[in-house]
Amino acid sequence: MKQNKIKIKMPVRKRIALVAHDNKKRDLLEWTAFNKDKLKDCVIYATGTTGKLLEEETGIKVKRLKSGPLGGDQQLGALIAENEIDILIFFWDPLEPQPHDPDVKALLRIAVVWNIPIANNRSSADFIFSSALMDEPYERILPDYDSYTERIIPKEEQ
């Protein structure tokens, strides 16, 4: 069965979420400082401590959310689902267990569901950020989820 597709417009002024686990915060801060001039033209969201460090060390204006383990990852997921985030840059630490791993997995899952670009390390962030698509409108293509949200759930027989 052919599934319908819908297009979501991504504006020229990108809305970017910046997140980093503790052992990757320094790496994200260095990456942000290197890309500071371009990031100033974007709307930046960040979770708790990362957002605070970004503001203090780079002077970039950040819409700060709660710390990841305190609900910030879930706040970002909700913003993605509401089409308020265009790109997720999440420097995660694959070698350190995180108490909020289920939240991290949920955030990455929702980013894939809504087909937004995701960078999980400095190299992938560099590739996304150097793309010509960063400076122009872009249409994300995703399945029309109406068939899922409007499906009929059979009632239990009593």
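Refer to the preceding data block for the structure.
Just so it is clear, the model here is predicted, and its values are computed rather than measured.

Trainee: How do you make sense of the layout of surface pockets when you look at a structure like this?
Mentor: Think of a ball as big as a water molecule: rolled over the atoms, this probe shows where empty space is left. In this structure, the second largest pocket occupies an estimated 170 Å³ of space. Of the residues that constitute the lining of the second largest pocket, the class distribution is 8 nonpolar, 2 polar and 2 charged.

Trainee: What am I meant to see in the environment of Ile128 here?
Mentor: Locating Ile128 in the fold gives a position in helix H6 (residues 122-129). It is 17 Å that separates the C-alpha atoms of Ile128 and Ile141, two residues lying 13 residues apart in sequence. Excluding anything up to four places from it in sequence, Ile128 contacts Ile87, Pro117, Ile118, Ala119 and Met134.

Trainee: It is not clear to me how helix H3 (residues 48-58) should be interpreted in this structure. Could you clarify?
Mentor: An α-helical segment advances 3.6 residues per turn. Residues three or four places apart therefore align on the same side. Within the span of H3, buried status applies to Gly48, Thr50, Gly51, Leu54 and Thr58. Those residues of H3 that are buried lie in contact with strand S2 (15-20), helix H1 (25-34), helix H2 (36-39), strand S3 (43-46) and strand S4 (63-64). Immediately beyond the C-terminal end of H3, within one or two residues, lies Gly59, with a positive phi of roughly 75°.

Trainee: Before we go on, may I ask you to explain the pairing of strand S5 (residues 87-91) in this structure?
Mentor: The two faces of the sheet receive side chains in turn, since in a regular strand these alternate between them. For S5, a buried count of 5 out of 5 residues is recorded, marking the element as mostly surrounded by other parts of the structure. In S5, alternate side chains face the same way, and those of Ile87, Ile89 and Phe91 on one face and Leu88 and Phe90 on the other are all buried. In this structure, S2 lies alongside S5, joined through 5 bridges in parallel fashion. Pairing of Ala20 across the sheet is with Phe91, part of S5. The sheet contact formed by S5 and strand S6 (residues 118-119) spans 2 bridges and is parallel. Residue pairing in the sheet places Ile89 in a bridge with Ala119 of S6.

Trainee: It is not clear to me how the pattern of salt bridges should be interpreted in this structure. Could you clarify?
Mentor: Side chains that carry opposite charge are capable of pairing whenever their charged atoms lie near each other. Following the criterion strictly, the structure yields 10 salt bridges and no others. Between Lys25 and Asp22 there is a salt bridge, and its shortest N-O distance comes to 3.6 Å. Judged by relative accessible area, Lys25 falls into the buried class, the value being 12%. Between Glu57 and Arg26 there is a salt bridge, with its nearest N and O atoms 2.9 Å apart. Of this pair, Glu57 sits in helix H3 while Arg26 is found in helix H1, placing the two residues 31 residues apart along the sequence. By relative accessible area, Arg26 is classed as partly exposed at 45%. Ionic contacts of the salt-bridge type, sharing partners, join the residues Lys7, Lys9 and Glu139 into one network.

Cut-offs and rules
Residues numbered from 1 in each chain as written. Predicted model: local features only at pLDDT ≥ 70, side-chain atom pairs only at ≥ 80, totals over all residues. Heavy atoms only, no water. 1 Å grid on protein atoms, 1.4 Å probe; cavity = no way out; pocket = protein on both sides within 12 Å on 5 of 7 lines; lining within 4 Å. Points joined across faces, edges and corners; volume = space filled by probe spheres on them. Nonpolar A, V, L, I, M, F, W, Y, C, P; charged D, E, K, R; others polar. Helix = DSSP H or I, 4+ residues; strand = E, 2+ residues; numbered from the N terminus. Contact = heavy atoms within 4.5 Å. Buried < 20%, exposed > 50% of the residue type's maximum accessible area, 1.4 Å probe, protein only. Pairing = 2+ DSSP bridges. Salt bridge = Lys/Arg side-chain N within 4 Å of Asp/Glu carboxyl O.

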